[in-house]
Amino acid sequence: MSTTAFVSPDDIRTLFAQAMSSMYRTEVPLYGTLVDLVAEINDAVLTDNPALADQLDRNDERARLAQERHGAIRVGTAAELATLGRLFAVMGMHPVGYYDLSVAGVPVHSTAFRPRTAAALAHNPFRVFTSLLRLELIEDPALREQAAQILARRHIFTDECLHLIAQAERDGGLEETEARRFVLAALETFRWHSDATVSLDTYHALSKAHRLIADVVSFRGPHINHLTPRTLDIDAAQAAMLARGIDAKAVVEGPPPRKCPILLRQTSFKALEEEVNFPEDGRSDVGTHTARFGEIEQRGLALTPKGRALYDQLLNQARDAGGAGSTGGDYTTRLANAFAAFPDDHDTLRREGLGYYRYALTEAGRADKAAVGYLPAEALIAAGLATADPIVYEDFLPVSAAGIFQSNLGGEEQRAYAAHANREAFEQALGLKVEDEFGIYQRLQDESLAALRG
């Protein structure tokens, strides 16, 4: 019998998230400012709102709050995407959700690699929004072919990283020394490189097609472009950024402020303009590139398909009013007016089937097993025998993601792409099926309901 002691994927994910955060804090010092700012705000919110603090404690969410991050990375080829999928699997992260950002003028489609079970999420919810460049959306055939050839020549993973991925797949895991080597090797894929692999003229041609294309194609690695801590009050975070002179984006992406937060709200500081060396006939031309930024997020209730349909309807209503999109000066007012139609108390959200909830017995419920055995969940809640807490939304919003990308690619960047959703092509490139996020939330809710009777 084997006595090999493998490190759990959850622990490897935690090691990697910590290493990534340390690296990014060094590369982008303003990210460290955001982390400290968010910690101060979260402490204040929890002090002022004991009920929220109790809810987070009850659902194993408070401990994860300080370490919670999401990152984003953009790759250029199917082979790069497929290998990233294998890399993330070593850390217990799986592709969840398909996002077509071309509808918002960004030539990528994406998924989120993340943990899926309640236990894994409580251990460390680190997730990476991962985008694949849509070369077919480059209109110029010659430039499209040139970009494909540039991408085909690069290798974004170290030999040791590839070796350890294969070893984990073959053996079923990694021992502690190997896991730490894997984290360091994997980190190299996400590291910033100030030396481009294309000439300045080629970079400008790629940028003219779309600045995100230049970001993906022009460097030897994809480099993580942002790392995001989670706040409990994003409006306070936005105000704090502005008060500290941080160049925050104009509007918070996502739904408006609410008593019962839903889905995801995001803001960021503008991308840094960084000096880059471009090779040219044995010498270097110095230019600049903007890609990496800092983001803050606030996560709320995961919505059911019914709730998500209502959300999408109201968001479109707010954005389409007067044809102003999310850039008009009255967007905040339009958004608030539209979302007045979305219920803003948990009893209504739950009873109308708009969101997912985690059910648990109270102390009184645990003492009255007879009542628990026959009363429906709503009756248990009314009688004080059970609680229903919102299940946190762990995923992303394509319109919000595109809005963040656009604001950090120069603000006015927009292409008139039609919607080009192609989940089948994305999954073929990845070599895996992308899991439906609604099924995960439904399972978490069902498991909690079943546990009431256990």
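Rules used in this analysis
- Residues numbered from 1 in each chain as written.
- Predicted model: local features only at pLDDT ≥ 70, side-chain atom pairs only at ≥ 80, totals over all residues.
- Heavy atoms only, no water.
- Helix = DSSP H or I, 4+ residues; strand = E, 2+ residues; numbered from the N terminus.
- Rg over C-alpha atoms; globule rule 2.2 N^0.38 Å.
- Contact = heavy atoms within 4.5 Å.
- Areas by Shrake-Rupley, 256 points an atom, 1.4 Å probe, with all protein chains shown as cover.
- Buried < 20%, exposed > 50% of the residue type's maximum accessible area, 1.4 Å probe, protein only.
- Pairing = 2+ DSSP bridges.
- Axes fitted to C-alpha atoms, helices over the stretch in contact; angles between N-to-C directions.
- Expected span 1.5 Å × (residues − 1).
- Parallel < 35°, antiparallel > 145°, perpendicular 65-115°, else oblique.
- Left-handed = near helix turned anticlockwise from the far one by under 90°.
- Nonpolar A, V, L, I, M, F, W, Y, C, P; charged D, E, K, R; others polar.
- Phe/Tyr/Trp six-rings, centres within 6.5 Å; stacked < 30°, edge-to-face > 60°.
- Lys NZ or Arg CZ within 6 Å of the ring centre and 35° of its normal.
- Salt bridge = Lys/Arg side-chain N within 4 Å of Asp/Glu carboxyl O.
- Core = buried A, V, L, I, M, F, W, Y, C linked by side-chain atoms within 4.5 Å.

Some remarks on the overall build of the protein chain
- Per the secondary structure count, the protein chain includes 21 helices and 11 strands.
- Relative to the compact-globule value of 22 Å for 454 residues, the protein chain shows a C-alpha radius of gyration of 23 Å, a close match.
- When the backbone C-alpha atoms are referred to their principal axes, the protein chain occupies close to 80 × 70 × 40 Å.
- Restricting the contact set of the protein chain to residue pairs at least 6 apart, pairs at least 24 apart contribute 75%.
- Just so you have it, the protein chain exposes about 18700 Å², and 52% of that area is on carbon and sulfur atoms.

Thoughts on the environment of Met93
- Along the chain, Met93 turns up in the loop between helix 5 (78–90) and strand 2 (94–100).
- The exposure class of Met93 is buried, given its relative accessible area of 1%.
- Taking the C-alpha atoms as reference points, Met93 and Val286, 193 residues apart in sequence, are found 38 Å from one another.
- Residues in contact with Met93, not counting those within four places in the same chain, are Arg13, Phe88, Phe113, Arg114, Pro115, Phe126, Arg127 and Val128.

Observations concerning the sheet that holds strand 2
- Spatially, five strands are ordered 2-3-4-1-5 in an open sheet, and the strand pairing comes out mixed. Each end of this open sheet is capped by a strand with a single partner; those strands are strand 2 and strand 5 (226–229). The sheet shows a mean angle of 20 degrees between the axes of neighbouring strands, direction not considered.
- Looking at chain direction, strand 1 (residues 69–75) and strand 4 (residues 127–133) are connected through six bridges and run parallel. Within strand 4, the position partnered with His70 by the bridge is Arg127.
- Against the sheet, helix 2 (residues 29–48) engages strand 1 and strand 5, with an angle of about 10 degrees to strand 5.

Some details on helix 9 (residues 176–187)
- Here helix 9 is 12 residues long and its end C-alpha atoms lie 17 Å apart, about the 16 Å a rise of 1.5 Å per residue gives.
- Buried within helix 9 are the following residues: Glu178, Ala179, Phe182, Val183, Ala185, Ala186 and Leu187.
- Those residues of helix 9 hidden inside the fold are in contact with helix 1 (9–27), helix 5 and helix 8 (159–171).

A look at the pairing of strand 6 (residues 264–269)
- With six of six residues buried, strand 6 lies mostly within the body of the structure.
- The alternating pattern of strand 6 places Leu264, Gln266 and Ser268 on one face and Arg265, Thr267 and Phe269 on the opposite face, and all of these are buried.
- Sheet topology note: the strand 6/strand 9 (residues 294–299) ladder contains six bridges and is antiparallel. Bridge pairing links Gln266 to Glu297 in strand 9.

Description of the packing of helix 7 (residues 141–153) against helix 10 (residues 200–209)
- Where helix 7 contacts helix 10, the axes come no closer than 11 Å and their chain directions differ by 120 degrees. Of the possible angle classes, the one that applies to helix 7 and helix 10 is oblique. When the axes of helix 7 and helix 10 are compared, the crossing they make is left-handed. Residues Leu143, Gln146, Ala147 and Ile150 of helix 7 form the contact with helix 10, whose own contacting residues are Thr202, Ala205, Leu206 and Ala209.
- Counted by class, the contact of helix 7 with helix 10 contains six nonpolar, two polar and no charged residues.

Section: the packing of aromatic side chains
- Summed over all chains, the structure comprises 14 aromatic pairs.
- On the basis of an interplanar angle of 65 degrees and a centroid distance of 5.4 Å, the ring pair of Phe16 and Phe190 is categorised as edge-to-face. Taken together, the positions of Phe16 in helix 1 and Phe190 in the loop between helix 9 and helix 10 put the pair 174 residues apart, joining distant regions of the chain.
- Aromatic pair Tyr98 and Phe426: ring centres 5.7 Å apart, planes at 65 degrees, arrangement edge-to-face. Taken together, the residues span a long stretch of sequence, with Tyr98 in strand 2 and Phe426 in helix 20 (residues 423–430) at a distance of 328 residues. Judged on exposure class, the residue Tyr98 and its partner Phe426 are both buried.
- In this structure, Arg350 is placed above the aromatic ring of Tyr357, and the distance from its NZ or CZ to the ring centre is 5.9 Å.

Considering the pairing of strand 5
- By the alternation rule, side chains of strand 5 split into His226 and Thr228 and Leu227 and Pro229, which are all buried.
- Here strand 1 pairs with strand 5 via four bridges, running antiparallel. Bridged to Arg69 within strand 5 is Pro229.

Examining the pattern of salt bridges
- What the rule picks out here adds up to 34 salt bridges.
- Residues Arg114 and Asp395 are paired through a salt bridge, measuring 2.8 Å at the closest nitrogen-oxygen approach. Placement of the pair is Arg114 in strand 3 (residues 108–114) and Asp395 in the loop between strand 11 (386–390) and helix 19 (398–407), with a sequence separation of 281 residues.
- Salt-bridge contacts for Glu394 lead to Arg127; the nearest nitrogen and oxygen are separated by 2.5 Å. Taken together, the residues Glu394 in the loop between strand 11 and helix 19 and Arg127 in strand 4 connect sequence positions 267 residues apart.
- Among the charged side chains, a network of salt bridges with common partners joins Glu61, Arg64, Glu68, Arg127, Arg230, Glu297, Arg299, Arg358 and Glu394.

Some remarks on helix 2
- Its 20 residues place the ends of helix 2 30 Å apart at the C-alpha level, agreeing with the 28 Å of an ideal helix rising 1.5 Å per residue.
- Looking only at helix 2, the buried set comprises Tyr31, Gly32, Leu34, Val35, Leu37, Val38, Ile41, Asn42, Val45 and Leu46.

Quick notes on unusual backbone geometry
- With a phi close to 55 degrees, Asp60 is a non-glycine residue in the positive phi region.
- Non-glycine residue Leu263 carries a positive phi angle of around 55 degrees.
- With respect to the helices and strands, the residue Leu263 is situated in the loop between helix 12 (234–243) and strand 6.
- Given a relative accessible area of 1%, Leu263 falls into the buried group.

Some remarks on the nonpolar core
- Core analysis: the largest hydrophobic core is formed by 70 residues, its most contacted members being Leu133, Val217, Tyr311, Phe339 and Phe342.
- Residue contacts for Leu133: discarding those within four places in its chain leaves Val75, Gly76, Pro107, Val108, Leu151, Leu212, Ile213, Val216 and Val217.
- Ranked by size, the runner-up nonpolar core spans 67 residues in total, among them Leu65, Leu87, Tyr98 and Ala168.

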